[in-house]
Amino acid sequence: MTIPVEDVREVDVTASNGHWHFMRTQDGWRATIGATTTGFETRLDSALRLLRNSGPDRVLTEAEVNQAGAAQFGLAPPRLRIIVSGSGASVFTISFGTTNPIGLSHYARLEGSREIALLPAFVAEEWERMGGTP
């Protein structure tokens, strides 16, 4: 994610079990869509930091994706989609698919990219916790 965490103004999380939308106000985060639980603000900040600071373990090129067959990565439809909006018109969108065969990474695709990244599993898991019990 290229948007600095402190510049994030809105976050939209869509998972198989629901949809959540968060807005940053002067008083902190508030949910505008979806039910939340105590402490969701801390989990949201943590998930944003992981998304910003965790690089991919590997990036599969478009040729590798085509050779392997895009369906095996679980991105159509994705199991988790996150849209992060920053100040101005900056937007970062990422979709997470299935885990890789050894379970240490999740396949992920940035909107507009033909490549697929393998991101550490803990990044997707933090967002799944947001979507499971924000």
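Here, every reference points to the structure presented above.
Residues numbered from 1 in each chain as written. Predicted model: local features only at pLDDT ≥ 70, side-chain atom pairs only at ≥ 80, totals over all residues. Heavy atoms only, no water.

## With respect to the pairing of strand β1 (residues 8–15)
And then number 1: In this structure, β1 lies alongside strand β5 (residues 80–86), joined through 7 bridges in antiparallel fashion. For V11, the partnering residue across the bridge sits in β5 and is V84.
And then number 2: Between β1 and strand β2 (residues 18–25), which pair antiparallel one after the other, the connecting turn spans 2 residues. (Pairing = 2+ DSSP bridges. Helix = DSSP H or I, 4+ residues; strand = E, 2+ residues; numbered from the N terminus.)

## Points about the sheet that holds β2
And then number 1: Reading across the sheet, the 8 strands line up as β3-β2-β1-β5-β6-β7-β8-β4 and stay open at both edges, with antiparallel pairing between neighbours. Only two strands of the sheet have a single neighbouring strand rather than two, namely β3 (28–33) and β4 (58–60). On average, adjacent strands in this sheet sit at an angle of 25° to one another, irrespective of strand direction.
And then number 2: Each of β1, β2, β3, β5 and β6 (91–99) touches helix α1 (residues 40–53); the most contacted strand, β3, lies at about 95° to it. (Axes fitted to C-alpha atoms, helices over the stretch in contact; angles between N-to-C directions. Contact = heavy atoms within 4.5 Å.)

## Thoughts on the environment of Q72
And then number 1: With respect to the secondary-structure elements, Q72 resides in the loop between α2 (62–68) and β5.
And then number 2: Spatially, the C-alpha atoms of Q72 and W127 are 21 Å apart, while their sequence positions differ by 55 residues.

## What to know about the packing of aromatic side chains
And then number 1: Under the counting rule described, the total for this entry stands at 2 aromatic pairs.
And then number 2: Ring centres of F22 and F40 lie 5.5 Å apart, and the angle between their planes is 25°; on these two criteria the pair is classed as stacked. Residue F22 is found in strand β2, and its partner F40 is found in helix α1; the two are separated by 18 residues along the sequence.
And then number 3: With relative accessibility at 0%, the residue F22 sits in the buried group.
And then number 4: Taking 4.7 Å as the distance between ring centres and 70° as the angle between the ring planes, the aromatic pair formed by F73 and Y107 counts as edge-to-face. (Phe/Tyr/Trp six-rings, centres within 6.5 Å; stacked < 30°, edge-to-face > 60°. Buried < 20%, exposed > 50% of the residue type's maximum accessible area, 1.4 Å probe, protein only.)

## With respect to the pattern of salt bridges
And then number 1: Tallying each qualifying case throughout the model produces 4 salt bridges.
And then number 2: For the salt bridge of E62 with R114, the shortest nitrogen-to-oxygen distance reads 3.9 Å. Linking E62 in helix α2 with R114 in the loop between β7 (105–110) and β8 (116–120), this pair joins segments that are 52 residues apart in sequence.
And then number 3: What makes E62 partly exposed here is its relative accessible area of 37%.
And then number 4: According to the relative accessible area criterion, R114 is exposed, its value standing at 57%.
And then number 5: The partner of E128 in a salt bridge is R79, with the nearest N and O atoms 2.6 Å apart. Here E128 is found in helix α3 (residues 121–132), whereas its partner R79 is found in the loop between α2 and β5, with 49 residues between them in sequence.
And then number 6: Exposure remark for E128: the relative accessible area of 26% places this residue in the partly exposed category. (Salt bridge = Lys/Arg side-chain N within 4 Å of Asp/Glu carboxyl O.)

## With respect to the layout of surface pockets
And then number 1: Its boundaries defined by the atoms lining it, the largest pocket holds a volume of some 230 Å³.
And then number 2: Taken together, 16 residues line the largest pocket, and the ones lying closest to its centre are P56, I94, L110, A117 and L119.
And then number 3: Those elements that place two or more of their residues in the lining of the largest pocket are β6, β7 and β8.
And then number 4: Partitioning the lining of the largest pocket into residue classes produces 11 nonpolar, 3 polar and 2 charged. (1 Å grid on protein atoms, 1.4 Å probe; cavity = no way out; pocket = protein on both sides within 12 Å on 5 of 7 lines; lining within 4 Å. Points joined across faces, edges and corners; volume = space filled by probe spheres on them. Nonpolar A, V, L, I, M, F, W, Y, C, P; charged D, E, K, R; others polar.)

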